[in-house]
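Spelled out from the first residue to the last, the chains are:
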There are 2 protein chains.
Amino acid sequence: MAENESIHAQRIDHVRSLGYDAVIVSGTDPHCSEYVAPRWKQVEWLSGFTGEAGDVVVTQDHAGLWTDSRFFIQAEVQLFGTGVELHPMRVPAQVTIPEWLAGRFDKKPVRIAVDGLCQSVGAIKELKEALEAAYGPEGYEIEDLPDMLSRFWSERPGIPDSTVIQPDEKTMGESRSERLAWLRAAVKEAGCESIFISALDEIAWLLNVRGNDIDYNPFVISYLLVTPKRAVWFVRHEEDVPALTGVENAPYTALEELFDSLKEECGRLMADPSTLNWHMYRQLKERFQGRHFQLLKSPVPLRKAVKNKKELEGFRRAYIEDGVAMETFLHWLETSVRSGAAVTEWEAAAQLEAIRSRNVNYRGQCFATISAYGPNAALPHYSTPREGSAVIKPKGLYLCDAGAHFPYGTTDTTRTVPMGRCSRQEKEDYTLVLKGMVDLSLAVFPEGTAGCQIDALARMPLWKASRNFGHGTGHGIGFWLGDHEGPQDIRQNFNPQPLLPGMVISNEPGLYREGKHGVRHENVVLCHEADKSEFGRFYSFETLTCCHIDLSIVKKKLLTDRELDWLRAYNRTVYRMLKSHLAPEVARWLKRKCR
Amino acid sequence: MAENESIHAQRIDHVRSLGYDAVIVSGTDPHCSEYVAPRWKQVEWLSGFTGEAGDVVVTQDHAGLWTDSRFFIQAEVQLFGTGVELHPMRVPAQVTIPEWLAGRFDKKPVRIAVDGLCQSVGAIKELKEALEAAYGPEGYEIEDLPDMLSRFWSERPGIPDSTVIQPDEKTMGESRSERLAWLRAAVKEAGCESIFISALDEIAWLLNVRGNDIDYNPFVISYLLVTPKRAVWFVRHEEDVPALTGVENAPYTALEELFDSLKEECGRLMADPSTLNWHMYRQLKERFQGRHFQLLKSPVPLRKAVKNKKELEGFRRAYIEDGVAMETFLHWLETSVRSGAAVTEWEAAAQLEAIRSRNVNYRGQCFATISAYGPNAALPHYSTPREGSAVIKPKGLYLCDAGAHFPYGTTDTTRTVPMGRCSRQEKEDYTLVLKGMVDLSLAVFPEGTAGCQIDALARMPLWKASRNFGHGTGHGIGFWLGDHEGPQDIRQNFNPQPLLPGMVISNEPGLYREGKHGVRHENVVLCHEADKSEFGRFYSFETLTCCHIDLSIVKKKLLTDRELDWLRAYNRTVYRMLKSHLAPEVARWLKRKCR
């Protein structure tokens, strides 16, 4: 710890030596990604914190990490001795970075530095509003220092350059040229002629390309400019990148110079403020002044979220194949643990990975498998350590949350399984979480309904027992893209996006008791049209996930007949779909489990 | 019809003669009220439409009425032959007045007149934004013509001047001086020193006064200015109005002149843009320029919505007394209709009124009783006609939605009752609506939950049968104030206001089949704290309404045991609470009904 301490203290001093009142180092990359490549793990380099969400602020007398409740325990451990203080977010008393900075300084003007490449336009707008309210329009300055940390970070990794993959367009259900034609029409519809896209999943979807530039995310680090006549892909090592029909390649690092030559043909240009970085925004704004540059929501996420027929075919296949792996794994785990073998959480995750890898189409995890036993499962985002992970004993609950990429879809499944005797509280929590998942699975709702309007269904059984969980119930899932994608979700926050037929979304209520146990049941569901009547169109969910749910510890009196029927029918379907693909002993075991 | 036609055509021509491109005549009053006194029934005078929500726009070549789906059928009947066209609102293809005006004219500047007294600041802001986007900042003019219609409306009623009532402050649970002291602190909290209040229910609550200036609404038409030292009540006929301790009276019609003299002591003044009229806003803005006048949400509605102990005591009493009236009425109705008497909807409503009037504390209806039989009940806002209302036959469903004022609370109850044989569809609709009402009654939810997050509970049974209803599920209810009050509600629209312990709110799902029948079951519930656990505070509902629910036509297989248990326990409680207050034959009848 002493060494780490001095390393991080030294790095923070480097940042202080820039001479600003405050320096913000953000946890994202120039594409506002959720997961980032090693080059942009700036928060980790600076503070040692490895969580997926966090920003650091360094002032002359303070260094703080802002992260949310998912990462509090991890942050406390990793920040110990670094002198970096935790600023908790997503708690009632939260103070955001803009709010904190607005109340911090007496002198004027307050001088703040950011790496503009790693700040969204939206984040800077919020910051400016807070600073202006506190210090007046002349009372602050925000300076853009692109790639700021490179000055001190001598071993900083380069921009990643994994091989660009061109998936079979037939599997995608839509060709690149169809998607670009649709995009051009959508841009016109929005009153513009061209669009500049920074979001990596949008680019991967539009161009039908995949890569391995970021762990768990099959993206290619790049920007895309689509004008009425051309599509220019700003991508590193342009010689290494295949020429895509209808697309011109240009260098990633020198795109600013190209803007001038492109300006004429762009006409009115749009970009999405939630994913455009501030540095690029400033470059674009300088060139496309006034009415020629508009910050507008990108039309891509919604279109991408509504899966086409081919994509849904692929999803169904992916969930069956991943179900085979999951059942094989769960059979192995139960057999091993009950036979007295000392299996650790890490070994269990490794075994699942080995089983999945038997499928030649497996393209890797879409997030690091959460393999958590007993009290560890009480951390919804538990990061299973390679060394010293817990041994899974033949009692209590084990939780496995794992997702896989296939060229025909992405999966995300959580199963909590009893490893032996369970306490009454474990059984009750297990049953109530399951009840919530089933109730949401059984929902029917009219056209226009948003996720936040039905989120309570998954929580009501817990609420009635004075229990609750602190994360969202459902997130969209990409087609061999990100494990989390918008614009829809199912959570308490007001998100006006209605659920639409073709959207794929997770259904994952949970319950976490610190120091005791954790439960989460997660299926992935497809929204589809269920009926049309004189009262309008009604939608419901079809469950895609194909992996049995252990009913042995369910407290039946907490379930209605309808809920039990659903669970039994689900398990029967799982067995019927999987039996022919399983090893005989696994099939026999599953038959027993699904009885 | 011919006479009406020419009257309305003539009046519209008068409005045209003002010489504007468009004149907007709104359906509200200078206090942005939902119900208005005859003086402000301007839409009715101009177009003949009597619904509670509607605005008219008159251009040189068009006259249109904008109203929502609740009033379409009524509007079609009442506008027939007037030349006024219906513009439907709350439908997917709705075009609001600002949008319609923005797309209407070729010339510039477009000149629009409004009665600024009857337009909220918010409505004018929306109008300006639409016009500026369409015609540019110089391309339009909005003129304020206060009391515009008085130029042509020779018999226009005056400002109402009902007797001002001072309720017993003990019943209110809080004195005027306590409320004013709280308000001054709340205004300070908001960064201001004084507040100008236009909303009539806020004034009635703050000053502990009631009146009869508006049908169904016990309000006194007035404005209130509260400064750190004084409370000035701008109220008509100041000599007739009692002197309230701590309050100075001033004339309603001459308040603008008083502003100058008050300006100094007001300091920073706030007013709520959702209830402040545009005319008054302009007067205030002119005098309290820049930072001295702030448009801010009034703190009163939230505080008023959270009922104190005394108010809740009163509510409980009111619901029992109104339950006695309702049961006496329902017994009379069933007995009369089954004995072969030809009871009309109007006569039924009159009988309920007569029964209620036996209670000396009854202070009148809080809205016109909806007494609707058969297909008429399919209109959620059916207005029972005095002449020619339907005869209630001994078959099918009868719906009665009625509310009463007492000095100790306001009630609002809907019962749908089978008058004899019912069709399978009637029974099913009846049961599913009831199921939704019970499911919402059984809800438990964490602190912070808003109504839109649990609204789906009341709808899910209908949704699962591909049915739905087009109105909100619940609205707040005043304490001897308006039947509708905010800030909370239970509906699909995103309203971030959490439900809080002490809030009183209706639970009234429905189902309407045009030309066939309508069902609505409405109880009023109180939000209270149910439990506190390691997962936080949890709230639930206590039902205040005390009137049995007819279970004779319920399709039991559509209900869970839990739901049936709730219904049976509810009826048992109703019988227990009411039996000693009922006439013996009514008590015997109710005992049978509640068995």
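In this text the structure is predicted, and so the values were computed from the model without any measurement.

Caption draft 1: Summary view of unusual backbone geometry. At the junction of Lys108(A) and Pro109(A), the peptide bond is cis and its omega measures out at -10 degrees in the coordinates. A positive phi angle, close to 55 degrees, is found at Asp147(A), a residue other than glycine. Mapped onto the fold, Asp147(A) is located in the loop between strand S6 (140-144) and helix H6 (169-172). In this model, Arg90(B) sits at a positive phi of 55 degrees, which is unusual for a non-glycine residue. Positionally, Arg90(B) belongs in the loop between strand S4 (85-89) and helix H4 (97-102). Classification of Arg90(B) by relative accessible area gives partly exposed; the value is 46%.

Caption draft 2: Spotlight on the pairing of strand S3 (residues 63-68) of chain B. Residues and elements named next belong to chain B. Counted residue by residue, S3 has 6 buried out of 6 residues, so it is predominantly covered. Residue alternation in S3 divides its side chains into two sets, Ala-63, Leu-65 and Thr-67 and Gly-64, Trp-66 and Asp-68, and both sets are buried. Where strand S2 (residues 55-59) meets S3, 4 bridges bridge the pair, whose relative direction is antiparallel. When the sheet's bridge partners are listed, Val-56 is paired in S3 with Leu-65. Here S2 folds back onto S3 in antiparallel fashion, the turn holding 3 residues.

Caption draft 3: Fine view of the confidence of the model for chain A. Confidence in the prediction of chain A, expressed as mean pLDDT, is 94, and 99% of residues score 70 or more. The complex prediction reports pTM at 0.92, with the ipTM value standing at 0.90.

Caption draft 4: Spatial organisation of the interface of chain B and chain A. The interface of chain B with chain A comprises 30 residues on the first partner and 30 residues on the second. The contact between chain B and chain A buries some 2,600 Å² in all, and 63% of this surface belongs to carbon and sulfur atoms. In terms of surface lost to chain A, no three residues of chain B exceed Gln453(B), Phe494(B) and Phe535(B), which account for 26% of the buried area on that side. Applying the counting criterion to the chain B and chain A interface returns 2 salt bridges. The salt bridge partner of Glu534(A) is Arg513(B), with a shortest N-O separation of 2.7 Å. Our enumeration of links across chain B and chain A arrives at 8 residue pairs in polar contact (both at pLDDT 80 or more). Only strand S18 (444-446), helix H15 (455-463), strand S22 (510-513) and strand S24 (523-533) of chain B provide two or more residues apiece to the side of chain B that touches chain A. Top element by residues in the side of chain B that touches chain A is H15(B). It accounts for 4 residues. In the side of chain B that touches chain A, the residues fall into 18 nonpolar, 7 polar and 5 charged.

Caption draft 5: Examining the pattern of salt bridges more closely. Residue and element names in this part refer to chain B. According to the stated counting rule, one finds 72 salt bridges over all chains in the structure shown. For Glu-143, the salt bridge identified is with Arg-111, shortest N-O distance 3.4 Å. Within this pair, whereas Glu-143 is found in strand S6 (residues 140-144), its partner Arg-111 is found in strand S5 (residues 110-114), the two being separated by 32 residues in sequence. The class of Glu-143 is partly exposed, set by a relative accessible area of 31%. With a relative accessible area of 27%, Arg-111 lands in the partly exposed category. Linking Glu-311 and Arg-179 is a salt bridge whose minimum nitrogen-to-oxygen distance equals 3.3 Å.

The rules behind the values
Residues numbered from 1 in each chain as written. Chains lettered and ligands numbered in written order. Predicted model: local features only at pLDDT ≥ 70, side-chain atom pairs only at ≥ 80, totals over all residues. Heavy atoms only, no water. Helix = DSSP H or I, 4+ residues; strand = E, 2+ residues; numbered from the N terminus. Buried < 20%, exposed > 50% of the residue type's maximum accessible area, 1.4 Å probe, protein only. Pairing = 2+ DSSP bridges. pLDDT = per-residue confidence, 0-100. Contact = heavy atoms within 4.5 Å. Buried area = accessible area lost by both parts, 1.4 Å probe. Salt bridge = Lys/Arg side-chain N within 4 Å of Asp/Glu carboxyl O. Polar contact = N/O pair within 3.5 Å; in protein donor to acceptor, adjacent residues only side chain to side chain. Nonpolar A, V, L, I, M, F, W, Y, C, P; charged D, E, K, R; others polar.

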